Amino acid sequence: MVETKKNVRYIINIENTGETYESADGEHLLVGMVKLGRKGIPSGCHGGGCGVCKIKVKNGKYRKLTLSREHVSKEEESQGFSLACRTIPESDIRLSAVGQFKKVVTKSYGFV
Amino acid sequence: MGVMRIGHISIRVLDMDAALKHYENVLGLTRTHEDSEGNVYLKCWDEWDKYSLVLNESEKAGMNHIAYKVENDSDLDVFKQRIADYGVDVEEVAGGYLECTGRALKLNLPSGHEFYLYAEKEFVGKAVGVTNPDPWPDGVKGAAVHWLDHALLICELDPEKGINKVAENVKFLQDALDFYLGEQVMVGPDGDIIAAAWMFRSSTPHDIAFVGGERMGFHHCAFFLDEWNDVLKAADIMAKNRVKIDVTPQRHGITRGYTIYFFDPSGNRNETFAGLGYLAQPDMPVITWTEDELWRGIFYHTGEEAGQFTDVYT
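Residues numbered from 1 in each chain as written. Chains lettered and ligands numbered in written order. Predicted model: local features only at pLDDT ≥ 70, side-chain atom pairs only at ≥ 80, totals over all residues. Heavy atoms only, no water.

Trainee: Please provide a residue-by-residue account of the overall build of chain B, values included.
Mentor: Within chain B, the secondary structure is distributed over 6 helices and 18 strands. Taking 2.2 N^0.38 as the reference for a compact globule, 314 residues should give roughly 20 Å; the C-alpha atoms of chain B span a radius of gyration of 19 Å, in line with that estimate. Counting across all 314 residues of chain B, residues that qualify as buried make up 56%. Residue pairs at least 24 apart in sequence account for 66% of intrachain contacts in chain B once pairs closer than 6 positions are excluded. Total accessible area on chain B stands at roughly 12800 Å², and carbon and sulfur atoms take up 47% of it. In chain B, 28 positive and 51 negative side-chain charges are present, and the distance between their average locations comes to 4 Å. (Helix = DSSP H or I, 4+ residues; strand = E, 2+ residues; numbered from the N terminus. Rg over C-alpha atoms; globule rule 2.2 N^0.38 Å. Buried < 20%, exposed > 50% of the residue type's maximum accessible area, 1.4 Å probe, protein only. Contact = heavy atoms within 4.5 Å. Areas by Shrake-Rupley, 256 points an atom, 1.4 Å probe, with all protein chains shown as cover. Lys, Arg positive; Asp, Glu negative; His and termini not counted. Charge placed at Lys NZ, Arg CZ, Asp CG, Glu CD.)

Laid out in structure tokens, this is it:
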């Protein structure tokens, strides 16, 4: 029999878009979202460097991997701000996505 | 006389061990030096100078500086004068200021990016040597990239405020450092605003590139592979190693290169770039991409914007 991982799964609720998805234990918040083709949190570098997946956790337990201070200061971190790609849930999570892509329609000059 | 090629890039990483696993095991660079501050220096197998990549552990990702190698030591005196005459501040730093490197000129491009010119760096040699060499060495890990090929820097662009650091960089590199413009993207109602530029000194389509964005930043550094099959294999290696791929193998319209974009563990974007593209020469006419076809230029097959491509950078 093929062994499959029977991980605990947590419910992730993105407050500002109303979306909900399941995230596996031990994986950062974007892994499950992207794997399921879901949206709601902008998905960028997945390394804590670019900052587009900035979130504010409203409720729930999580641990964090190293992230760039360019995008989340220590003070913000203490207020619940984080980057989704550096946040590993340890319970169900309710959050709002803070980082946003600039909408293409607002780009008047090619890239900006 | 003149700038020969990209010499090295110094980038910031959030976790040195994770970065080394990526650049050594996935891309196949080898460690050649570590300085007293713990910065690690690496080279690719087909390069002969001591290093082309510097990893600096930091609490922020991004680029510290980029350096280009000039042909003769005396070129530095000429460029120092020309850069000053152009109106850009330039400082000469002594040998050793950059590890294992001779005296250098230190300046900031008009976009703000820290930039060096140097003439000498400690010699190590290619992994295959120079006497009756094999075409490739044994034992190189991962994608076995040949050399650091180019970098793309994001430059502030806000035409309504009259800010265009892409244009300023292009003019500076043309006038003061004799770079040539290979390709450009022109935007705006009259198509007269340069929003991106690919510039060369070697015979490949670009040794440095600039794309306009909201703030100064580091978009990617690219490592060379021979051809399309190497690109496919590199993508396999990335998938095996669970590297976050940004853009799967495909062709650029601009430069005609075969590409993969992906991220290092700190979110700095890398590229493996394959193919000659075309022979770039000083008298080659400049290639222009218009705003309505600019995404065809970047991703030739789909011709579509990938939203994360220009908005995600460190």
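Trainee: If you had to explain the interface of chain B and chain A to someone new, which residues and values would you point to?
Mentor: Between chain B and chain A, the contact holds 36 residues from the first and 25 residues from the second. Between chain B and chain A lies a buried interface of about 2300 Å² when both sides are counted; carbon and sulfur atoms form 62% of it. It is B:Leu14, B:Lys244 and B:Asp311 that lose the most area in chain B upon contact with chain A, and together they represent 21% of the buried surface on that side. The interface formed by chain B and chain A holds 1 salt bridge in total. (Buried area = accessible area lost by both parts, 1.4 Å probe. Salt bridge = Lys/Arg side-chain N within 4 Å of Asp/Glu carboxyl O.)

Trainee: An account of empty space enclosed by the protein is needed here, citing residue identities and associated values.
Mentor: Residues and elements named next belong to chain B. Taken as a whole and assessed by the stated rule, the structure comprises 1 cavity of 30 Å³ or more. Here the largest cavity defines a volume of roughly 120 Å³. Lining the largest cavity are 15 residues, and of these Leu152, Trp198, His220, His252 and Tyr261 sit closest to its centre. Secondary-structure elements contributing two or more residues to the lining of the largest cavity are β9 (148–158), β13 (208–213) and α5 (294–298). Here the residues of the lining of the largest cavity sort into 8 nonpolar, 6 polar and 1 charged. (1 Å grid on protein atoms, 1.4 Å probe; cavity = no way out; pocket = protein on both sides within 12 Å on 5 of 7 lines; lining within 4 Å. Points joined across faces, edges and corners; volume = space filled by probe spheres on them. Nonpolar A, V, L, I, M, F, W, Y, C, P; charged D, E, K, R; others polar.)

Trainee: Explain the side chain of B:Ser52 to me, using residue names and the numbers behind them.
Mentor: Residues and elements named next belong to chain B. Checked against the element boundaries, Ser52 lands in the loop between β3 (40–43) and β4 (53–57). You can call Ser52 buried: its relative accessible area is 1%. A polar side-chain atom of Ser52 sits 2.8 Å from a polar atom in the side chain of Glu47. With residues up to four places along the chain from it excluded, the contact list for Ser52 reads Gly7, His8, Ile9, Leu42, Lys43, Cys44, Glu47 and Leu148. (Polar contact = N/O pair within 3.5 Å; in protein donor to acceptor, adjacent residues only side chain to side chain.)

Trainee: Could you give an account of the domain arrangement of chain B, with specific residues and numbers?
Mentor: Residues and elements named next belong to chain B. Entries for chain B in the domain assignment read domain 1 (3–118) and domain 2 (148–311). On a C-alpha basis, the centres of domain 1 and domain 2 stand 20 Å from each other. On the domain 2 side, the residues contacting the 38 residues of domain 1 number 40 residues. Across the contact surface, domain 1 and domain 2 share 1 salt bridge. The salt bridge partner of Arg82 is Asp178, with a shortest N-O separation of 2.9 Å. Summed over the shared surface of domain 1 and domain 2, the number is 16 residue pairs in polar contact (both at pLDDT 80 or more). Elements with a minimum of two residues in the side of domain 1 that touches domain 2: β1 (3–13), α1 (16–26), β5 (62–70), α2 (73–86) and β8 (114–118). A class-by-class count of the residues in the side of domain 1 that touches domain 2 yields 27 nonpolar, 7 polar and 4 charged. (Domains from an automatic or database assignment.)

Trainee: Could you give an account of the side chain of B:Arg12, naming the residues involved and the relevant values?
Mentor: Examined against the element boundaries, B:Arg12 turns out to sit in strand β1. Salt bridges are absent for the buried B:Arg12, whose nearest opposite-charge side chain, A:Glu70, sits at 5.3 Å. Within the structure, B:Arg12 has its side chain in polar contact with the backbone oxygen of B:Lys60 (distance 3.2 Å). Reaching out from B:Arg12, the side chain makes a polar contact with the backbone oxygen of B:Met63 at a distance of 3.0 Å. With near-sequence residues (within four places) excluded, B:Arg12 lies in contact with B:Asn56, B:Ser58, B:Lys60, B:Ala61, B:Gly62, B:Met63, B:Asn64, B:Ser266 and B:Asn268.

Trainee: Give me the lowdown on the packing of aromatic side chains, citing residues and values where you can.
Mentor: Going through the model one piece at a time under the given rule, you end up with 13 aromatic pairs over all chains. Taking 5.9 Å as the distance between ring centres and 80° as the angle between the ring planes, the aromatic pair formed by B:Tyr68 and B:Phe179 counts as edge-to-face. Of this pair, B:Tyr68 sits in strand β5 while B:Phe179 sits in the loop between α3 (165–177) and β11 (180–187), and the two are 111 residues apart along the sequence. The interplanar angle of 75° and the centroid separation of 5.0 Å between the aromatic rings of B:Phe299 and B:Phe309 together place this pair among those described as edge-to-face. Residue B:Phe299 is found in the loop between α5 and α6 (307–311), and its partner B:Phe309 is found in helix α6; the two are separated by 10 residues along the sequence. Given a relative accessible area of 2%, B:Phe299 falls into the buried group. Since its relative accessible area comes to 4%, B:Phe309 is described here as buried. One aromatic cluster is present, built from ring pairs that chain together A:Phe111, B:Tyr261, B:Trp295, B:Phe299 and B:Phe309. In this structure, A:Lys54 is placed above the aromatic ring of A:Phe81, and the distance from its NZ or CZ to the ring centre is 5.5 Å. Across from the ring centre of B:Tyr51, 3.9 Å away, lies the NZ or CZ of B:Lys121, which sits over that ring. (Phe/Tyr/Trp six-rings, centres within 6.5 Å; stacked < 30°, edge-to-face > 60°. Lys NZ or Arg CZ within 6 Å of the ring centre and 35° of its normal.)

Trainee: Mind laying out the pattern of salt bridges, listing which residues take part and the relevant values?
Mentor: Summed over all chains, the structure comprises 23 salt bridges over all chains. A salt bridge links A:Glu15 to A:Arg94; the shortest N-O distance between them is 2.2 Å. One end of the pair, A:Glu15, is in the loop between β1 (9–14) and β2 (19–24); the other, A:Arg94, is in strand β7 (residues 93–97), and 79 residues separate them in sequence. The partly exposed category is assigned to A:Arg94, whose relative accessible area is 31%. Connected through salt bridges with shared partners, the residues B:Asp73, B:Asp77, B:Lys80, B:Glu92 and B:Arg103 form a single ionic network.

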